[in-house]
Every structure is written in C-alpha cells, then in structure tokens.
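Residue-level listing of the chains:
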Amino acid sequence: MAESGEDIRVLLFGLGAIGGFYAFVLGRNKNVSLSVVARSNYEQVKSHGLSVQSENHGNHKVNIDQIYKVPDEITTPFDYIICTHKAVNPGKVPPLLRSAVGDQTTFVIIQNGVGNEEPFRSIFPNNTIISCVTWVGATQISPGVIKHTKSEDMQMGLLPNSNIAKELEQSRLDTLATLLKAGGTVFQVENDIQIKRWEKVTWNAAWNSITTLTDVNTQDWLKSSPQAMATTKRLMHEVIDVANRCNVPIEHKLADDLVSKILAMPGIFSSMHTDMKEGRPLEVDVILGYPIKKATDFGMDVPVLSTIYALTTAVNGRLSKL
Ligand SMILES: *[C@@H]1O[C@H](CO)[C@@H](O)[C@H](O)[C@H]1NC(C)=O
C-alpha cells in the first residue's frame, strides 16, 4: 500500500467501455498514477488519448500516465489492478499479470458473472481481491471514445482472504472506496458481494442467453408463447437454487422481481447478444458455465439451465470458428 503523500499505483487491464469509464473515475484523483493495458484500441489511445462523453459527468480526456500493449512490459508492481476485460476464458488472464503483481497488490474485478475470482485466488493466494458488480451503461463508440449514459451504480466487497489480516484487507477496500468517491461515481460497499454477483447472474443467465439464442428482444420473447415466461422463470429458479447450494442466500422471489423489472422496460437485447451479432466470443463460462459446474459438483438436476448452457455453448463454438 502506498504511504500517504505517495502516488497510489493503479493498473487498469481491459480498456473497453467499462474499463474506460473507471479509468476516467480513478484518473480524476491527483494522487493516483494510472497505467492501462490497451489492446484493440492501443494505437488510438496512445496517439489521441482516451475520452469519455458522459451524460452524468460531461466530456473529459482521461488522465493516463502510462499505456502498455501487453503486461509483460511492466516492471514495477501495482497497488491496485483493476480487471475490466471481457470474461471469456477466465483462467487465461491472471497468469499474464504476474509482472504487475507484488505482495501489496489488490485485484479489483469488475466483470459480469460468478466464479471470476477463482483463477486469481488460485494463482495469487496471498493477494486481496475486491469483487465488483457494475451497472454502468457505456459503449465504445469508436476506438478510444467512450459514451456513458445516465446509468451508473456499482456494488463492491471483499472476497475474504484468510492469509491476510482483516484490518489490512479492510484498509485496501477503504482506500479504493476513497478513490471512487473522489472520482465522483456511485457505489455501495457490501458485506457479502456474492449475493449481488449471483443476483446479477440470475438476470444475465436469462436475458443474455435468451436474447442471444433467439435474436428476439425481452418483451417480444416473453409474449412469444405461454412457455416463454414459464421457461424463463424456471431458469431463474434453477440459478437461485445453485446460489443457495453455494451458501449464497438469495430468495426465490427474485425471479418474479426480475421479470417485473424487465416487463417495465422496453424490450432489450444484451451485451452477449451484441457479441453474438459482432461475431465475438461470449461470456458463457462465467454466466452459465460456473453455475453448471457447481450444479454438477452438487449433483443437482437443473434441466433448463443445462439446456440453455448447451445451446449457448454451441453458439459460442460457432462464433469462435468464424
Ligand atoms: C503465500 O504465503 C504463504 C505463507 O506466508 C507462503 O508459504 C506461500 O508460499 C505464499 N504463496 C505464494 C504463491 O506466494
């Protein structure tokens, strides 16, 4: 951890829309030295910088001190590594970050899905992990230009590490909270962040998969047949059953709440649907794969979740052959 008065070294890995937004927030702190690893937009960000056009915060250039193309170029460890890359092949990224990790490094995982922390914990068992669920609505409208809507919220919490003193982990969490607050974004600190992760994955398991598989928006899907509503709710109940078996207390009432919420909105698609349309790999492992793995470990019967997983995996296989 940086001493007071010293710069806090932050590395942001994955400079897409969500990464760009949090780079903007963290870069607003004078005491943060912000580095980024940019891949597809490296050239544009290197030459023209990164800009954010936000309905909440206005238009800004992001304060970036150092830009890397690959983490291998890094020689000094960071205090915080913020992981905002797409969660495809979740085991692939943590080993790439070795050169940026020291004893004091805290990982901050801002991604969809569940189980995302496991590959980090298994490779870096002595580091702190802060797990986050974001509700920021942002898109990269051209390389290095992020458009942010009004939608802005995040929940975060520790994935407790018994190898590290509680007070140290808490102070790392508090420091991050201070940076986010000074950056002007909205968030809440949770005692059990897994509840929030599994609640969001209950939403994503249904809407991301179904809009991807059908190419039909949520409203049209729910009206398409009497079975559509029943199947959707059953899928959500199965995900909630798996969460409960993982000791994550979520009530089954959530399924009705999520359906009411979607019915109150215009028909929407999803990030997975966008990925499918653009021929990119899908976040199937963390949205459906981890719940399926847990269900299998527990010997649970999850017929709808299994079916949706199998179909989405087949679509993902087709896309990765493109
Ligand atoms: C983690 O810390 C323990 C106890 O200090 C040590 O034995 C172990 O080698 C460390 N593991 C890694 C991967 O650094």
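Residues numbered from 1 in each chain as written. Predicted model: local features only at pLDDT ≥ 70, side-chain atom pairs only at ≥ 80, totals over all residues. Heavy atoms only, no water.

*Asks:* Lay out the overall build of the protein chain in plain terms, naming residues and giving numbers.
*Replies:* Along its length, the protein chain carries 11 helices and 12 strands. A compact globule built from 322 residues would reach a C-alpha radius of gyration of about 20 Å, and the protein chain, at 20 Å, matches this within 12%. Each of the three principal axes of the protein chain carries a C-alpha extent, and together these read 60 × 45 × 35 Å. Scored against the burial criterion, the 322 residues of the protein chain give a buried share of 52%. Sequence-distant contacts, at least 24 apart, represent 73% of the contacts inside the protein chain between residues at least 6 apart. For the protein chain, the exposed surface amounts to about 14200 Å²; the carbon and sulfur share of it is 52%. If the 31 positive side-chain charges of the protein chain are averaged to one point and the 33 negative ones to another, these points end up 5 Å apart. (Helix = DSSP H or I, 4+ residues; strand = E, 2+ residues; numbered from the N terminus. Rg over C-alpha atoms; globule rule 2.2 N^0.38 Å. Buried < 20%, exposed > 50% of the residue type's maximum accessible area, 1.4 Å probe, protein only. Contact = heavy atoms within 4.5 Å. Areas by Shrake-Rupley, 256 points an atom, 1.4 Å probe, with all protein chains shown as cover. Lys, Arg positive; Asp, Glu negative; His and termini not counted. Charge placed at Lys NZ, Arg CZ, Asp CG, Glu CD.)

*Asks:* Go over the packing of aromatic side chains with me, naming the residues and quoting the values.
*Replies:* Evaluated as defined, the whole model comprises six aromatic pairs. Each ring, one from Trp 203 and one from Trp 207, has its centre 6.2 Å from the other, and the planes form 80 degrees; the classification is edge-to-face. Here Trp 207 and Trp 203 lie together in helix α5 (residues 193-214), a separation of four residues that amounts to about one turn. For Trp 207, a relative accessible area of 1% puts it in the buried group. One aromatic cluster in this structure is built from Phe 21, Tyr 22 and Phe 24. Over the face of the ring belonging to Phe 78 we find Arg 9, whose NZ or CZ atom lies 4.2 Å from the ring centre. (Phe/Tyr/Trp six-rings, centres within 6.5 Å; stacked < 30°, edge-to-face > 60°. Lys NZ or Arg CZ within 6 Å of the ring centre and 35° of its normal.)

*Asks:* Can you explain the pattern of salt bridges? Please cite residues and give values.
*Replies:* Where charged atoms from two side chains of opposite charge come close, those side chains can pair. Counting across every chain of the model gives 11 salt bridges. For Asp 256, the salt bridge goes to Lys 233, with nearest N and O atoms at 3.0 Å. Placement of Asp 256 in helix α8 (residues 253-263) and of Lys 233 in helix α7 (residues 226-245) is noted, with a sequence separation of 23 residues between them. Within this structure, Lys 86, Asp 275, Glu 278 and Arg 280 form a network of salt bridges that share partners. (Salt bridge = Lys/Arg side-chain N within 4 Å of Asp/Glu carboxyl O.)

*Asks:* Please give an account of the packing of α5 against helix α11 (residues 303-320) that cites residues and values.
*Replies:* The description of two helices packed together rests on the angle between their axes and the distance between the axes. It is the contact of α5 with α11, at a shortest axis distance of 10 Å, that shows an interaxial angle of 50 degrees. It follows from the interaxial angle that α5 and α11 lie oblique. In this structure, α5 meets α11 at a crossing whose hand is left-handed. Packed against α5, whose contacting residues are Ala 205, Ser 209, Ile 210, Thr 212 and Leu 213, the element α11 presents Ile 308, Leu 311, Thr 312 and Val 315 at the interface. Each residue belonging to the contact of α5 with α11 can be placed in one class, and the counts come to six nonpolar, three polar and no charged. (Axes fitted to C-alpha atoms, helices over the stretch in contact; angles between N-to-C directions. Parallel < 35°, antiparallel > 145°, perpendicular 65-115°, else oblique. Left-handed = near helix turned anticlockwise from the far one by under 90°. Nonpolar A, V, L, I, M, F, W, Y, C, P; charged D, E, K, R; others polar.)

*Asks:* Break down unusual backbone geometry for me, with residues and values.
*Replies:* One non-glycine residue, Asn 89, lies in positive phi territory at about 50 degrees. One can find Asn 89 in the loop between β6 (80-83) and β7 (106-110). When its relative accessible area of 45% is taken as the criterion, Asn 89 is described as partly exposed. The phi torsion at Asp 215 lies on the positive side, around 60 degrees, for a residue other than glycine. Locating Asp 215 in the fold gives a position in the loop between α5 and α6 (218-224).

*Asks:* Tell me about the UniProt feature "domain: Ketopantoate reductase N-terminal" (unreviewed entry) in the protein chain, and please be specific about residues and values.
*Replies:* As annotated by UniProt and renumbered to match this structure, "domain: Ketopantoate reductase N-terminal" (unreviewed entry) occupies residues 11-160. Measuring from the first to the last C-alpha atom of residues 11-160 gives 22 Å, for a span that is 16% helix and 33% strand. (UniProt positions renumbered as here; feature names shortened; annotations may be inferred.)

*Asks:* How would you summarise the domain arrangement of the protein chain if you had to cite specific residues and measurements?
*Replies:* Structurally, the protein chain comprises domain 1 (8-189) and domain 2 (193-320). If you average the C-alpha positions of domain 1 and of domain 2, the two centres end up 26 Å apart. If you look at the interface, domain 1 gives 24 residues, while domain 2 gives 19 residues. Area buried by domain 1 at its contact with domain 2 is led by Lys 86, Asn 112 and Val 114, which between them contribute 34% of it. Scanning the region where domain 1 abuts domain 2 turns up two salt bridges. The shortest N-O distance in the salt bridge between Asp 275 and Lys 86 comes to 3.0 Å. (Domains from an automatic or database assignment. Buried area = accessible area lost by both parts, 1.4 Å probe.)

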